Amino acid sequence: MDALNNVHVCEDRTDCQELLQSAGLYLKPMAKISITVTLPKLKMGQSISNWEIMEKLRLAIKPVKFVSIKVVKSTVEFLRFDAEINNKVHLETVIKKIDLKGIKLSGFTELLKIRACAGKINFPTRHDWDCFFRDAKHMNEMKPGERPDTVVLKGLPIRWFSQFTGPAAKNRPSDQLIHRIMSQFGEIRFIDIPTNDPLRSKMSATVSGLTAASLSAKDILFTVFVQFREYIGFAKCMHDLQGNKLVYVEDQQAWSCNIEVDFDRTKHLTDYCIKKRKEERERLLALDKEKQEKIKKQQELENKAKREEKEREDAVLQAHQEKKEVKQREKALRREKREHLRRDKKMR
């Protein structure tokens, strides 16, 4: 998920529902539109401008604006766009404005026909998780983490959840904040934020809970696993998050972000996996401690060698200085003896 393309300014907050007001977090229903534009047969040298089509569609739905619009499928016969508007209230009006209508492009005589309908929102249903856990032979519904009890949220902006962590952990989402939010749906058994564990990236992917996508966006977005004690908490959370995106309000400004919500299929929060991660962490800590001790010992040896070398150099310098001083004393004695002989000669 591209963090920069996924976060948008939220201009309409009239349909926002409170998630946790003290943290400035809200839920907002998504208003997606699927638009299919039929293309004419192209002559030699002709081409279609996707940008021009999107501009025509923007003009057609005014005064409503697209929050985002992008091409999701392109063939010689049609273009398909996924678009989103600010408020679900305007969804039917916008669809009526463009569905079964035509748009005129420069260089083409015939109109391009448009079909528009409400966009499909990919979200797991109760049927999905019931079928998965019923058919999964490797799952035991009597054990936590092997039944529908764990919600996985991906693509959450770190900054929105790190506001109460303090300057020492400003780039880390707050476990306590997420616990406050998610406990509204039911009693929490366990919460795991893989990016908050610095050793997690050294563990295998099957144990760590980190994916390539989460590693590439670890300074911007994060993933959290939330396990509920009771099924009702899990079901309420999935129901309340379905079809919604996340909104963050700060200083009268608001931003929205589409997040990915799913149920856990990987046994990430089973007692076995939690214990395995703990053992792996202890092993990595022991290796790190051993490595640090080796480095410390090596540094001590290097420092000792440097001290010994310095002592040898100091001894050489001292011997040289003493030799120099002896020569100077001998020279002074010879000079004094010559002076004494001259005085005696002069007296004679």
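Rules used throughout
- All residue numbers refer to positions counted from 1 along the written sequence of the respective chain.
- For a predicted model such as this one, the threshold for reporting local features is a pLDDT of at least 70, and the threshold for listing and counting side-chain atom pairs is 80 or more; totals across whole chains, interfaces and linings nevertheless cover every residue.
- Note that water and hydrogens are dropped before the side-chain values are worked out from all heavy atoms of the structure.
- Method remark: on a 1 Å grid restricted to protein atoms, a set of points is classed as a cavity if a 1.4 Å probe fits but cannot get out and as a pocket if it is open with protein on both sides within 12 Å along at least five of seven lines; lining residues have an atom within 4 Å of a point.
- Grid points are joined across faces, edges and corners, and a volume is the space filled by probe spheres set on the points.
- Helix and strand definitions here come from DSSP, where helices need a minimum of 4 consecutive H or I residues and strands a minimum of 2 consecutive E residues; each element is numbered from the N-terminal end.
- Only Asp, Glu, Lys and Arg are considered charged, only Ala, Val, Leu, Ile, Met, Phe, Trp, Tyr, Cys and Pro nonpolar, and every remaining residue, Gly among them, polar.
- As a per-residue quantity, pLDDT reports the predictor's confidence and falls between 0 and 100.
- Burial classes: relative accessible area under 20% of the type maximum marks a residue as buried, over 50% as exposed, and values in between as partly exposed (1.4 Å probe, protein chains only).
- The pairing criterion is simple: DSSP has to find at least two bridges between the two strands.
- Excluding any residue in a salt bridge, patches collect residues exceeding 30% relative accessible area, merging like charges within 9 Å and nonpolar Val, Leu, Ile, Met, Phe, Trp and Tyr side chains within 5 Å.
- Accessible areas in this description were obtained via Shrake-Rupley with a 1.4 Å probe; residue shielding takes into account the shown protein chains only.
- For this analysis, a salt bridge means a side-chain nitrogen from Lys or Arg found within 4 Å of a carboxyl oxygen belonging to Asp or Glu.
- In this count, Lys and Arg are taken as positive residues and Asp and Glu as negative ones, while His and the chain termini are left out.
- Charge coordinates come from a single atom per side chain, which is NZ of Lys, CZ of Arg, CG of Asp or CD of Glu.
- Axes here refer to lines fitted to C-alpha atoms; in helices the fit is confined to the stretch in contact. Angles between the N-to-C directions go from 0 to 180 degrees.

(A) Region of interest: empty space enclosed by the protein. All chains considered together, the criterion is met by one cavity of 30 Å³ or more. Approximately 130 Å³ is the volume found for the largest cavity. Residue lining of the largest cavity: 14 residues in total, with Leu19, Leu153, Phe161, Ile181 and Met182 positioned closest to the centre. Only strand 9 (150-157), helix 6 (175-182) and strand 11 (221-228) provide two or more residues apiece to the lining of the largest cavity. Take the lining of the largest cavity: its biggest share by element is three residues, from helix 6. For the lining of the largest cavity, the residue count by class is 14 nonpolar, no polar and no charged.

(B) Structural context of the confidence of the model for the protein chain. Taken over all residues, the pLDDT of the protein chain has a mean of 89, while the share at 70 or more is 95%. Mean pLDDT in the protein chain bottoms out at helix 1 (residues 3-6), which sits at 60, and peaks at helix 9 (residues 231-241), which reaches 96.

(C) Local environment of the pairing of strand 12 (residues 244-250). Within strand 12, six of the seven residues are buried, leaving the element largely enclosed by the surrounding structure. Bridge count between strand 3 (residues 25-29) and strand 12: five bridges; the pairing is antiparallel. In the sheet register, Lys28 faces strand 12, and the bridge partner there is Lys245. Where strand 12 lies against strand 13 (residues 253-257), five bridges are found, and the strand directions are antiparallel. Its bridge partner being in strand 13, Glu250 is matched across the sheet by Gln253. Hairpin connection from strand 12 to strand 13: two residues lie between these consecutive antiparallel strands, with Asp251 at a positive phi of about 50°.

(D) Region of the structure containing a positive patch on the surface. Residues Lys331, Arg334, Arg335 and Arg338 make up a contiguous surface patch of positive charge. The partly exposed category is assigned to Arg334, whose relative accessible area is 46%.

(E) Focus on the pattern of salt bridges. Tallied over the entire structure, the rule returns 20 salt bridges. Residue Arg200 pairs with Asp192 through a salt bridge whose shortest N-O separation is 2.9 Å. Like Arg200, the residue Asp192 is buried in the burial classification. Put simply, Asp262 and Arg265 hold a salt bridge, and the shortest N to O gap is 2.5 Å. Overall, the relative accessible area of 34% leaves Arg265 in the partly exposed class. Taken together, the shared-partner salt bridges connect Asp192, Asp197, Arg200 and Arg281 into one network.

(F) Quick look at the layout of surface pockets. In this structure, the second largest pocket spans a volume of roughly 290 Å³. Around the second largest pocket, the lining is made up of 19 residues, and of these Lys154, Thr211, Phe225, Asp264 and Thr266 lie nearest the centre. Those elements that provide at least two residues to the lining of the second largest pocket are strand 9, helix 7 (205-208), strand 11 and strand 14 (260-263). For the lining of the second largest pocket, the leading source of residues is strand 14, giving three residues.

(G) Region of interest: the sheet that holds strand 3. Strand order across the open sheet formed by five strands is 1-13-12-3-2, with antiparallel pairing between neighbours. Each of the sheet's edge strands pairs with one partner strand only, and the pair in question is strand 1 (7-9) and strand 2 (17-20). Across the sheet, the mean angle separating the axes of adjacent strands is 35° when strand polarity is ignored.

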